[in-house]
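Listed below, chain by chain, are the residues.
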Amino acid sequence: MKRKLPSLKAIREKLSSHSELRQRKALWDILKFFIFMLLCTFVAKSASGATMAVVETSGPTQALISQDVTINGTVSADDPTCIELPAGIHIEKTLVQAGDSVSPDTPVLQLNMDDLKEALQKQKILCSQTQLDINSLRAGTPADGGSLVSLRNTLDWASQDYQTALQKLNEASAVTQQALQRVQELEAQPAPDPAQLEEARRQLADAQTAQAQALSAAESAERSRQNAQASYASAEASAKAAQQQAETQKQKNELSAQLMELELADQIAVRRQLTQIISQEGIVNAGAEGVLLSIQDQGSVTTSDSTFKLSMTGAACSLESEVNRTLADAMPNGTKIQLSDGKKTFDAVLSNRYPGATDSTVRLRFTFSAKSNPQPDAQMWGSLTINKKNYPACVPLTALHTDQNGTYILVVEEKNTVLGLQNELVRVSVSVDARNDMVAAISSSALKYDSKIVISSTRPVKSGDRVRLA
């Protein structure tokens, strides 16, 4: 049987059906790919968001900043009167206490009489010894010039001997010259007398011998004169050096004597003080009007330090306080302040400043007015507003960061990434114009009124980090 062949139309319909199936399959594969990519993007964004820090932001705001400085410290008398007594004397009785008001005639202490008498005797001996030392220093030691005079005499004698020898040499030379001329005259004759020629030659030989002896004596005298001159020059230089040294020593002795005279004056003052206390049966008076600041205990022994201190009536008092350097720089000398001890207020003025305990602090000294008259050792405190101003751009102190490059803030900016829009941190350098305990006034050319400034974060962040907004 013959097979029936499919028609061309049937073949075309069949081919068309296969092509449509392939296209549908391709479209479905593409759709699945895009669904997969969306799922991956969603998972990536979810994972990225889970690891991001959550930050709280705030824009720059206007604020009134007033800078207050707190002053506190202990009042001290600027120049207390220190009463000093010789060391080593027993205090038998203490007649007043610290804080008591006293007058010049108020009995303060009673000292042991035996110790006082012994101290007075030692002081008298010390004064005498010091005076002897002063006299000895000023007496000095006269310079010894006898050896120089002796050497000068020796030089003069040697010079005279040299002149005498030189004169004899000249005379001997003249005789030799005459004898030589006589011999030459005789030898020049055609037939000289042999006896005369022989005698002339003998006289020439004697004259030459005498001249040689005179020359040797002159040379010896010259050497003696030169030696005497060298000895005298050396001795003269030594004498000048000794005289200069003696003059320097004299000046040193005079300075030492002047210092010892000052010591002697102090020793005499102590001697008179002891004499007066002994005449008062060991009683020591205050000697001035004021408030007793401190006093040694009864039964103790006086030391080289002050036995008791007085704050004189009307004496100036002051208070010192450690202050931040930035705040102190805004307070010029002469700044007035009111300080309180809890009961009343006292007027004071900033009078001086000194280096603080650290580089960031300054020690300020406030002097009380004469009318205030505060009690020494009282605790006082007070505050002062040194600056008050409206600033247009202020941020919480938590927004400020500092590193080796200066002060900066972190600002949130939106960046377009493969994952879409992301919040990224950007560093903005700022300068701090003022601050208080809560906010700081900042300025920066890169700062905008709508900037999102990071004020807190769930974890440490830095410039370049991606974050989520709270």
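Please refer to the structure higher up on the page.
Let me sum up the structure you'll find in this document. (Residues numbered from 1 in each chain as written. Predicted model: local features only at pLDDT ≥ 70, side-chain atom pairs only at ≥ 80, totals over all residues. Heavy atoms only, no water.)

Together, Leu27, Ile30, Phe33, Phe34, Phe36 and Met37 line one region of the surface with nonpolar side chains, adding up to about 650 Å² of accessible area. Looking at where phenylalanine 33 falls in the secondary structure, it is placed in helix H1 (residues 8-51). (Patch = residues over 30% accessible without salt bridge, like charges linked within 9 Å, V, L, I, M, F, W, Y side chains within 5 Å. Areas by Shrake-Rupley, 256 points an atom, 1.4 Å probe, with all protein chains shown as cover. Salt bridge = Lys/Arg side-chain N within 4 Å of Asp/Glu carboxyl O. Helix = DSSP H or I, 4+ residues; strand = E, 2+ residues; numbered from the N terminus.)

Right, let's get into the packing of aromatic side chains. Scanning the entire structure with this criterion turns up 1 aromatic pair. Positioned above the aromatic ring of tyrosine 232 is the side chain of arginine 152, whose terminal nitrogen or guanidinium carbon lies 5.0 Å from the ring centre. The side chain of arginine 427 reaches across the aromatic face of tyrosine 408, ending 3.9 Å from its centre. (Phe/Tyr/Trp six-rings, centres within 6.5 Å; stacked < 30°, edge-to-face > 60°. Lys NZ or Arg CZ within 6 Å of the ring centre and 35° of its normal.)

As a further point, take the sheet that holds strand S7 (residues 283-285). As summarised here, the arrangement of the 3 strands in space is S4-S6-S7, forming an open sheet in which the pairing is antiparallel. Each of the sheet's edge strands pairs with one partner strand only, and the pair in question is strand S4 (91-94) and S7. Averaged over all pairs of adjacent strands, the angle between strand axes in this sheet comes to 25°, irrespective of strand direction. In this sheet, S7 lies alongside strand S6 (residues 107-111) in antiparallel orientation, the contact comprising 3 bridges. Bridge assignment links proline 107 to a residue of S7, and that residue is asparagine 285. (Pairing = 2+ DSSP bridges. Axes fitted to C-alpha atoms, helices over the stretch in contact; angles between N-to-C directions.)

Turning next to helix H4 (residues 194-279). Helix length check: H4, at 86 residues, gives a terminal C-alpha distance of 122 Å against a target of 128 Å (1.5 Å per residue), a fit within 8%. Following H4 by one or two positions, glutamate 281 adopts a phi angle in the positive range, close to 60°. (Expected span 1.5 Å × (residues − 1).)

Evaluation of the coordinates by the stated rule reveals 12 salt bridges. Two residues, glutamate 261 and arginine 138, come together in a salt bridge whose shortest N-O distance is 2.7 Å. Of this pair, glutamate 261 sits in helix H4 while arginine 138 sits in helix H2 (residues 113-139); the two residues are 123 residues apart in sequence, bridging distant segments of the chain. Assessed through its relative accessible area of 40%, arginine 138 is described here as partly exposed. Here arginine 202 and aspartate 206 are joined by a salt bridge, their closest N and O atoms 3.0 Å apart. Residue arginine 202 and its partner aspartate 206 are both found in helix H4; the two are separated by 4 residues, about one turn of the helix. Residue arginine 202 is classed as partly exposed on the basis of its relative accessible area, which comes to 41%. Overlapping salt bridges bring together Arg138, Glu254 and Glu261 as one network. (Buried < 20%, exposed > 50% of the residue type's maximum accessible area, 1.4 Å probe, protein only.)

Looking now at H2. An α-helix turns once every 3.6 residues. As a result, residues three or four positions apart point the same way. Under the 1.5 Å per step criterion, the end-to-end length of H2 is 39 Å for 27 residues, consistent within 8% with the ideal 39 Å. For H2, the secondary structure elements touched by its buried residues are S6 and H4. Looking at where H2 begins, the residue whose side-chain oxygen comes 3.1 Å from the main-chain nitrogen of aspartate 114 is asparagine 112. (Contact = heavy atoms within 4.5 Å. Polar contact = N/O pair within 3.5 Å; in protein donor to acceptor, adjacent residues only side chain to side chain.)

In contact at an axis separation of 9 Å, H2 and H4 are set at 160° when each is read in the N-to-C sense. Our classification of the angle between H2 and H4 gives roughly antiparallel. Considering the relative orientation of H2 and H4, their crossing is left-handed. Across the contact of H2 with H4, the residue classes break down as 16 nonpolar, 8 polar and 7 charged. (Parallel < 35°, antiparallel > 145°, perpendicular 65-115°, else oblique. Left-handed = near helix turned anticlockwise from the far one by under 90°. Nonpolar A, V, L, I, M, F, W, Y, C, P; charged D, E, K, R; others polar.)

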